[in-house]
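# Coordinates in review
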Amino acid sequence: MPDTPPQADTLFEFPCAFPLKIMGLADGALAQAVLGVVLSHAPDFDGATMEMRASSGGKYVSLTCTINATSRLQLDALYRELSCHPLVKVVL
């Protein structure tokens with residue numbers, strides 16, 4: 001398999017605004033945990049722009065964080081860390 005630049009297999013042009021949707025159980029610590037992870041990969045993210053929506057039954061919550069994505073590597077690392085977090089159920 002030939003070596004290709006990391007961005008050669010992406011449909012995105014970086015930098016770009018990239019929305020991340022994170023879902024988990026409605027736990028008071030979820031938003032803070034997600035914010036910490038997002039800021040570690042996208043330090044320019046403004047936490048005040050994080051959107052939060054509870055499920056109809058109130059058991060789950062979804063968070064939307066729109067970051068200024070700078071590379072495919074950044075997005076991959078962010079998805080990996082969020083997906084491994086014990087409070088996070090799904091990352092889209």
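Structure first, text after, so check above.
Here is a short report on the structure shown in this document. All values derive from a computational prediction rather than experimental measurement.

Rules of the game
Every chain's residues receive numbers from 1 upward, in the order its sequence appears when written. Only residues with pLDDT of 70 or above have their local features reported here, since the model is predicted, and side-chain atom pairs are shown and tallied only from 80 upward, although totals for entire chains, interfaces and linings are computed over all residues. In computing side-chain properties, one takes all heavy atoms of the structure into account and sets aside hydrogens as well as water. Helix and strand assignments come from DSSP, with helices taken as H or I runs of at least 4 residues and strands as E runs of at least 2, each series counted from the N terminus. The criterion used for residue contact is that any of the two residues' heavy atoms lie within 4.5 Å. For two strands to be treated as a pair, DSSP must find no fewer than two bridges joining them. Accessibility here uses a 1.4 Å probe with only protein chains present; expressed as a share of the type maximum, an area under 20% marks a residue as buried, one over 50% as exposed, and anything in between as partly exposed. Any N or O atom pair separated by 3.5 Å or less is treated as a polar contact, with the protein-specific requirement of one donor-capable and one acceptor-capable atom, and with residues adjacent in sequence counted only for side-chain atom pairs.

### Let's talk about the side chain of serine 62
Looking at the secondary structure, you find serine 62 in strand E3 (residues 60-69). Beyond its immediate stretch of four places on either side in the chain, serine 62 contacts Lys21, Ile22, Met23, Glu51, Met52 and Arg53.

### Brief notes about the pairing of strand E2 (residues 51-54)
Summarising the sheet, E2 and E3 pair through four bridges and their orientation is antiparallel. Within the sheet, the bridge partner assigned to glutamate 51 lies in E3 and is threonine 64. Once E2 ends, the chain turns through five residues before running back antiparallel as E3, passing glycine 58 with a positive phi of about 80 degrees.

### Regarding the side chain of serine 71
Residue position: serine 71 is located in the loop between E3 and helix H2 (72-84). Residue classification places serine 71 among the buried positions, given a relative accessible area of 18%. Side-chain polar atoms of serine 71 contact the backbone nitrogen of glutamine 74, separated by 3.0 Å.

### Quick notes on unusual backbone geometry
A cis amide bond links phenylalanine 14 with the next residue in sequence, proline 15, at an omega value of 0 degrees. Of note, proline 15 is situated in the segment before strand E1 (16-25).

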